[in-house]
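As a plain string of letters, each chain reads:
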Amino acid sequence: MGRIKREIRTFAKAQVTAQVATLIDFALSLVLAEGLGMWYVTASFLGALSGGISNCAMNYRWVFNAEELKKGSVAWKYMIVWTGSIVINTLGTYALTELSSQYFMFAKVVVAVFVAIFWNYQLQRLFVYKTKKKI
């Protein structure tokens, strides 16, 4: 039962950091697109970039307790996963916005939830922050 509790706690902490990163991502996307008139795809990309940097730092220290891992190794692995995440988020937001004719933030939310659970968390847990010790 201890392993299940650890997994649930890790998932919950990862969701907290994902929400903080999402807040940074969405706020910047809105400011750039609505406030500065930047094309929503570019704004969405830059928002995801900012959120990703924040998420990596929070997950390294707080969620996965990965201090035993070299920061350079984590950074390269995170960049691989993050590149996929940015591509999926950006293209998914574009496709869903264009196909549904909805406001881009609606599409961004739908895509972000999918990517957060099925791409980011899984690959971070199993690849980026994998340590020899049990999490």
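That block above? That's the structure.
Worth saying up front: this structure is predicted, and the values here are computed from it rather than measured.

K.L.:
Quick one: what's the story with a positive patch on the surface, residue by residue and with numbers?
P.N.:
Taken together, Arg 3, Lys 5, Arg 6 and Arg 9 make up a surface patch of like positive charges. Here Arg 9 lies in helix α1 (residues 2–35).

K.L.:
Can you explain helix α4 (residues 104–128)? Please cite residues and give values.
P.N.:
Here α4 spans only 30 Å end to end across 25 residues, well under the 36 Å set by a 1.5 Å rise per residue. The sharpest bend along α4 comes to roughly 45°, located at Ala 116. For α4, every residue scored as buried is listed here: Phe 104, Met 105, Ala 107, Lys 108, Val 111, Ala 112, Val 115, Asn 120, Tyr 121, Gln 124 and Val 128. In this structure, the buried side of α4 is in contact with α1, α2 (40–63) and α3 (71–100).

K.L.:
Describe the packing of aromatic side chains, with residues and values.
P.N.:
To describe a pair of aromatic rings, you give the distance between the ring centres and the angle between the ring planes. Using the criterion set out here, one finds 8 aromatic pairs in the structure. Put simply, the rings of Phe 11, Phe 64, Tyr 121 and Tyr 129 touch in pairs and so form one group of aromatic residues. Lying over the aromatic face of Phe 127, Lys 77 brings its terminal NZ or CZ to 5.5 Å of the ring centre.

K.L.:
Quick rundown of the nonpolar core? Include the residues and the values.
P.N.:
Counting residues in each nonpolar core, the largest one holds 16 residues, and the members touching the most others are Val 74, Tyr 78, Val 128 and Tyr 129. The set of elements that each furnish at least two residues to this core consists of α2, α3 and α4. Per-element accounting of this core gives the leading share, 5 residues, to α3.

What counts and what doesn't
- Residues numbered from 1 in each chain as written.
- Predicted model: local features only at pLDDT ≥ 70, side-chain atom pairs only at ≥ 80, totals over all residues.
- Heavy atoms only, no water.
- Patch = residues over 30% accessible without salt bridge, like charges linked within 9 Å, V, L, I, M, F, W, Y side chains within 5 Å.
- Areas by Shrake-Rupley, 256 points an atom, 1.4 Å probe, with all protein chains shown as cover.
- Salt bridge = Lys/Arg side-chain N within 4 Å of Asp/Glu carboxyl O.
- Lys, Arg positive; Asp, Glu negative; His and termini not counted.
- Charge placed at Lys NZ, Arg CZ, Asp CG, Glu CD.
- Helix = DSSP H or I, 4+ residues; strand = E, 2+ residues; numbered from the N terminus.
- Expected span 1.5 Å × (residues − 1).
- Bend = angle between axes of the 7 residues up to and from the residue.
- Buried < 20%, exposed > 50% of the residue type's maximum accessible area, 1.4 Å probe, protein only.
- Contact = heavy atoms within 4.5 Å.
- Phe/Tyr/Trp six-rings, centres within 6.5 Å; stacked < 30°, edge-to-face > 60°.
- Lys NZ or Arg CZ within 6 Å of the ring centre and 35° of its normal.
- Core = buried A, V, L, I, M, F, W, Y, C linked by side-chain atoms within 4.5 Å.

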